[in-house]
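Observations on the model geometry
Single-letter residue listing:
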Amino acid sequence: MGEEMNDNTINTNGAANNMGDVNHTAEQTADSDVKYYTLEEIKAHNMSKDTWIIIHDKVYNVTSFLEEHPGGEEVLVEQAGADATESFEDVGHSTDAREMLIQYYVGELHMDDRKKDGAKEAFITTSGDGSSSWTTWLIPAVAAVVVGIMYRYYMLEHKSS
Ligand code: HEM
C-alpha cells in the first residue's frame, strides 16, 4: 500500500514527468505531432534488438541504451514491450537517470491503454486508509477488553485463595 501511495506521489509530482513534459512540449510545439502508441504496438518491440519500454505513460526506445545501462541490459530486456514504471521507480533512479530518459523518448502511450488516473487510485487509497484507521482503534479496544476480563479472573482467583 505504501508503494501505491508512493507511486501516486511520483505520478503527480515526479521529476521525470515534469522534466519530460517540459522538454517534450518544446519538441511537440515545433512539429506538433505527438505519436501515440497502443500497448499492442509497443509489445512488438520486446526483444534486445528492438527494446521499447513505458515509463509514466511515455514510450522510450532504449535499444541503444541497453549496453550502457548501469543496472545492466537484462533488467531492461525483461521489461521490453511493457510498462516498466514500477521497476524504474522501485530502484529509486537518480535525477540524472530521469534526465537521460528524454533522449530515448519516442511518444506517448495511447489514452485507452493508460491505467485509470491517479485520482481514482488516490480515492481507493484514501478509503483504504479510512478502514485502517477504523481497525487502529478496534484492535486496542478489543485488547483492552480481553486484558480487563483476564484481570478480573485473576483478581477473583487471588481473592478466593
Ligand atoms: C530508460 C530507462 C532507464 C534509464 C535511463 C536508467 C538509468 C540508470 C542509471 C543512470 C543508473 C545509475 C544509478 C542512477 O543514476 O540512478 C541506473 C541504475 C540501475 N537501474 Fe536503471 N535506468 C532505466 C531503466 C531501468 C529499469 C526499467 C530498471 C528495472 C527493471 C532499472 C534498474 C536499474 C538497476 C537495478 C540499477 C542499479 C542500481 C544500483 O546498482 O545501485 N533501470 N539506471
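Here goes a summary of the coordinates provided.

Rules of the game
- Residues numbered from 1 in each chain as written.
- Predicted model: local features only at pLDDT ≥ 70, side-chain atom pairs only at ≥ 80, totals over all residues.
- Heavy atoms only, no water.
- Near = heavy atom within 4 Å.
- Polar contact = N/O pair within 3.5 Å; in protein donor to acceptor, adjacent residues only side chain to side chain.
- Helix = DSSP H or I, 4+ residues; strand = E, 2+ residues; numbered from the N terminus.
- Nonpolar A, V, L, I, M, F, W, Y, C, P; charged D, E, K, R; others polar.
- Donors = N, O, S within 2.8 Å, 3.2 Å for Na, K, Ca; no water.
- Tetrahedral: all angles 85-135°; square planar, octahedral: opposite > 155°, others 65-115°.
- Buried < 20%, exposed > 50% of the residue type's maximum accessible area, 1.4 Å probe, protein only.
- Pairing = 2+ DSSP bridges.
- Patch = residues over 30% accessible without salt bridge, like charges linked within 9 Å, V, L, I, M, F, W, Y side chains within 5 Å.
- Areas by Shrake-Rupley, 256 points an atom, 1.4 Å probe, with all protein chains shown as cover.
- Salt bridge = Lys/Arg side-chain N within 4 Å of Asp/Glu carboxyl O.
- Lys, Arg positive; Asp, Glu negative; His and termini not counted.
- Charge placed at Lys NZ, Arg CZ, Asp CG, Glu CD.

**Points about the site of the ligand**
For the ligand, the set of nearby residues contains 19 residues, the closest of which are His69, Gly71, Leu76, His93 and Ser94. At 2.5 Å from an oxygen atom of the ligand is found a side-chain nitrogen or oxygen belonging to Ser94. Contributing elements (two or more residues each) for the shell around the ligand: β3 (50-55), α4 (73-78), α5 (85-91) and α6 (95-101). When the residues that make up the shell around the ligand are grouped by side-chain class, the tally is 13 nonpolar, 6 polar and no charged.

**Section: the coordination of the iron atom of the ligand**
Of the protein atoms, only His69 (NE2) and His93 (NE2) coordinate the iron atom of the ligand, at distances of 2.0 Å. In this structure, the iron atom of the ligand is coordinated by 6 donor atoms arranged in octahedral fashion, with angles at the metal of 86 to 179°. Of this pair, His69 sits in the loop between β4 (58-61) and α4 while His93 sits in the loop between α5 and α6; the two residues are 24 residues apart in sequence, bridging distant segments of the chain. When its relative accessible area of 14% is taken as the criterion, His69 is described as buried.

**Focus: the pairing of β4**
Two faces, one strand: in a regular strand the side chains alternate between the faces of the sheet. Judged from the 4 bridges that link them, β3 and β4 form a sheet pairing that is antiparallel. In the sheet register, Ile55 faces β4, and the bridge partner there is Lys58. What sits between the antiparallel neighbours β3 and β4 is a turn of 2 residues, in which His56 has the positive phi angle 50°. Across 3 bridges, the pairing between β4 and strand β6 (residues 105-109) is antiparallel.

**Examining a negative patch on the surface**
The grouping of Glu67, Glu68, Glu73, Glu74 and Glu78 at the surface amounts to a negative patch. A relative accessible area of 53% places Glu68 in the exposed class.

**Points about the side chain of Lys58**
Take Lys58: it is sitting in strand β4. Side-chain polar atoms of Lys58 contact the side chain of Glu108, separated by 3.2 Å.

**Quick word on unusual backbone geometry**
Here His56, not a glycine, exhibits a phi torsion of approximately 50°, which is positive. Relative to the elements of secondary structure, His56 occurs in the loop between β3 and β4. Residues other than glycine seldom take positive phi values, yet Asp57 does so here, at roughly 65°. Tracing the backbone shows Asp57 in the loop between β3 and β4. When its relative accessible area of 23% is taken as the criterion, Asp57 is described as partly exposed.

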